[in-house]
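One-letter residues, chain by chain:
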Amino acid sequence: MRDMRTQVGIIGAGPAGLLLSHLLHRHGIESVVLEARDRDYVQRRVRAGVLEQGTVDVLVKAGLGDRLLAQGLPHQGFELRLGDEAHRIDLTELTGGRNITVYGQQEVVKDLIDARLADGGTVLFEKPVASVHDLETAAPYIRCQDGTEVHCEFVVGADGFHGISRAAIPDARTYEFEFPFGWLGILADVQPSSEELIYAGGEGGFALHSMRSPEVTRCYLQVEPGDSVDNWPDERIWAELRTRLGSPGGWELTPGPITEKSITPMRSFVTEPMSHGRLFLAGDSAHIVPPTGAKGLNLAVGDVVVLAAALEASFQGDDSLLASYSDTCLRRIWKAQDFCAWMTGLLHRNPEADPFTERIRQSRLREIFGSPSMARYLAEHYAGYPHG
Ligand code: APR
Ligand code: PHB
């Protein structure tokens with residue numbers, strides 16, 4: 001393939017890269033998105049599905065709201081459980097009117113790909129990037145594994161946690177924490193057993209009851225980090241979910257055919273700074289949060305909103321927003337890191353903790369049931385911080 005030239009070369013067609021390309025297009029800035037995997041794979045990858053109010057607002061304002069508003073499920077609250085004790089967190093009331101929307105992340109990705117292609121955008125699938133070059137000059141370029149070079153004015157590394165772009169930042173500092181457990185996630189073809197999400201943090205370990213649609217249930221169980229799905233036949237999963245979610249007020253979990261099972265590790269990760277010369281990182285390439293607070297996609301959107309505005313200003317001759325890009329994003333990212341680590345610690349049984357510490361954890365969770373100020377802290381961070 002011939003070499004290419006564009007204004008912004010974007011590595012990765014996840015939510016971060018695709019949304020950036022879309023927002024740039026709306027500002028009249030051209031970009032090329034290079035994605036290692038094929039389109040089908042990217043559109044099918046199952047990830048968390050909670051959009052903060054601010055994220056929904058960004059997507060709707062960017063003209064991406066058609067399916068999201070029709071099919072997304074707005075939630076005004078969620079439930080916390082500890083054994084058979086249950087407490088509803090009323091997000092709307094506790095945050096002065098904010099809520100969340102349950103809409104699968106792969107649906108966001110589908111909407112973004114459709115919008116880019118309908119607008120004549122260039123998204124090249126099965127085009128893995130090998131390396132990035134000349135980042136300290138005004139003419140950086142990206143080299144793909146097949147030898148194609150993409151010459152551009154700016155390079156954006158939106159290539160996720162396993163991408164290649166992060167390594168191009170010399171002297172970067174990384175901060176990392178690995179939790180001593182993982183999440184087993186399942187999708188099941190059965191009507192959700194509750195209209196709202198249920199987060200349970202009892203003695204037996206964490207469980208989450210969520211959903212993808214009125215016909216599809218999504219659930220998670222805390223498991224050991226190196227555990228394998230082979231150890232989790234369907235009956236064991238449903239039995240464990242039933243035990244951990246409890247049965248407050250006679251509530252019952254409805255099992256159904258499980259269509260997907262996977263185990264993911266739980267980690268927190270941040271790299272600083274998020275830019276070097278003409279390279280800017282966005283999304284999972286720069287930071288990972290444990291999924292308990294459902295912040296991964298929302299943080300990526302936060303980065304991209306800041307980056308799109310900064311690139312637009314730069315093309316008009318003002319580089320100040322690009323210069324502060326990393327610091328601006330990192331403030332929001334550390335706030336979310338703190339919240340996600342707090343919520344994770346609160347709801348998971350730490351296998352390394354002594355029995356005293358475990359009792360303290362349970363007591364802290366119960367404290368939220370009775371304390372409006374603790375509940376407000378949880379609700380405000382969970383519902384998210386407005387973008388831009
Ligand atoms: N060349 C091209 N593409 C690459 C390369 C490479 N060398 N390495 C990785 N990629 C692609 C991956 O195949 C993936 O499609 O980059 C994309 C990164 O997408 P995500 O992992 O989804 O990362 P991001 O867009 O930052 O996601 C933000 O959405 O998908 C979730 O868990 C993610 O919550 C996070 C949020
Ligand atoms: C999900 O539905 O996939 C989901 C919901 C809430 C979380 C994490 C994942 O905190």
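Residues numbered from 1 in each chain as written. Chains lettered and ligands numbered in written order. Predicted model: local features only at pLDDT ≥ 70, side-chain atom pairs only at ≥ 80, totals over all residues. Heavy atoms only, no water.

Comments concerning the site of ligand 1
Part 1 of the argument: By nearness alone, 26 residues border ligand 1, and E35, R45, R47, Q105 and D284 come closest of all.
Part 2 of the argument: Between ligand 1 and V129 there is a distance of 2.9 Å, counted from a nitrogen atom to a backbone nitrogen or oxygen.
Part 3 of the argument: For ligand 1, whose free accessible area comes to 700 Å², the fraction covered by protein is 89%.
Part 4 of the argument: Among the elements of the structure, α1 (15-26) and α8 (296-315) are those that each provide at least two residues to the shell around ligand 1.
Part 5 of the argument: Per element, the largest residue contribution to the shell around ligand 1 is 3 residues, and it comes from α8.
Part 6 of the argument: Along the lines of polarity and charge, the residues of the shell around ligand 1 split into 13 nonpolar, 7 polar and 6 charged. (Near = heavy atom within 4 Å. Polar contact = N/O pair within 3.5 Å; in protein donor to acceptor, adjacent residues only side chain to side chain. Areas by Shrake-Rupley, 256 points an atom, 1.4 Å probe, with all protein chains shown as cover. Helix = DSSP H or I, 4+ residues; strand = E, 2+ residues; numbered from the N terminus. Nonpolar A, V, L, I, M, F, W, Y, C, P; charged D, E, K, R; others polar.)

Observations concerning the site of ligand 2
Part 1 of the argument: Taken together, 14 residues lie near ligand 2, and Y199, S210, R212, Y220 and P291 sit nearest.
Part 2 of the argument: A distance of 2.8 Å separates an oxygen atom of ligand 2 from a polar atom in the side chain of R212.
Part 3 of the argument: Against a free-state accessible area of 280 Å², the protein chains account for coverage of 100% of ligand 2.
Part 4 of the argument: Listed by contribution, the elements that provide at least two residues to the shell around ligand 2 are β16 (205-213) and β17 (216-223).
Part 5 of the argument: With 3 residues, the single largest contributor to the shell around ligand 2 is β16.
Part 6 of the argument: Inspection of the shell around ligand 2 shows a minimum of three residues originating in each of domain 1 (4-74 + 101-175 + 267-342) and domain 2 (180-266 + 352-383). (Domains from an automatic or database assignment.)

Quick notes on the environment of W342
Part 1 of the argument: Mapped onto the fold, W342 is located in helix α10 (residues 325-347).
Part 2 of the argument: Setting aside residues up to four positions removed in sequence, W342 forms contacts with I368, M374, Y377 and L378. (Contact = heavy atoms within 4.5 Å.)

Quick look at helix α11 (residues 355-370)
Part 1 of the argument: With 16 residues, α11 extends 23 Å from end C-alpha to end C-alpha; this agrees with the ideal 22 Å at 1.5 Å per step.
Part 2 of the argument: Here α11 has its buried residues at E358, R361, Q362, L365, I368 and F369. Viewed along the axis of α11, the buried residues span an arc of 120°, placing them on a single side of the element. The exposed set on the far side of α11, more than 90 degrees from its buried face, consists of F356, R359, R364 and G370.
Part 3 of the argument: Looking at the buried side of α11, the elements it contacts are β6 (77-82), β7 (85-90), β15 (198-202), α10 and α12 (372-383). (Expected span 1.5 Å × (residues − 1). Buried < 20%, exposed > 50% of the residue type's maximum accessible area, 1.4 Å probe, protein only. Arc of directions from axis to C-beta.)

Details of the environment of M374
Part 1 of the argument: Inspection of the secondary structure puts M374 in helix α12.
Part 2 of the argument: Owing to a relative accessible area of 28%, M374 belongs among the partly exposed residues under this scheme.
Part 3 of the argument: Measuring from C-alpha to C-alpha, the distance between M374 and G160 comes to 33 Å, with 214 residues separating the pair along the chain.
Part 4 of the argument: Those residues in contact with M374 that lie beyond four places of it in its chain are W342, E367 and I368.

Points about helix α7 (residues 234-245)
The α-helix advances 3.6 residues per turn, and as a result positions three or four apart in sequence lie on the same side.
Part 1 of the argument: Taking 1.5 Å of rise per residue, the 12 residues of α7 would be expected to cover 16 Å, and the 16 Å separating its terminal C-alpha atoms lies within 8% of that figure.
Part 2 of the argument: Those residues of α7 not exposed but buried are I237, W238, L241, R244 and L245. The buried residues of α7 occupy an angular sector of 135° when the element is viewed end-on, so they sit on one face. Looking at α7, the residues exposed on the side facing more than 90 degrees away from the buried face are E235 and T243.
Part 3 of the argument: Looking at the residues trailing α7, positive phi occurs at G246, about 70°.

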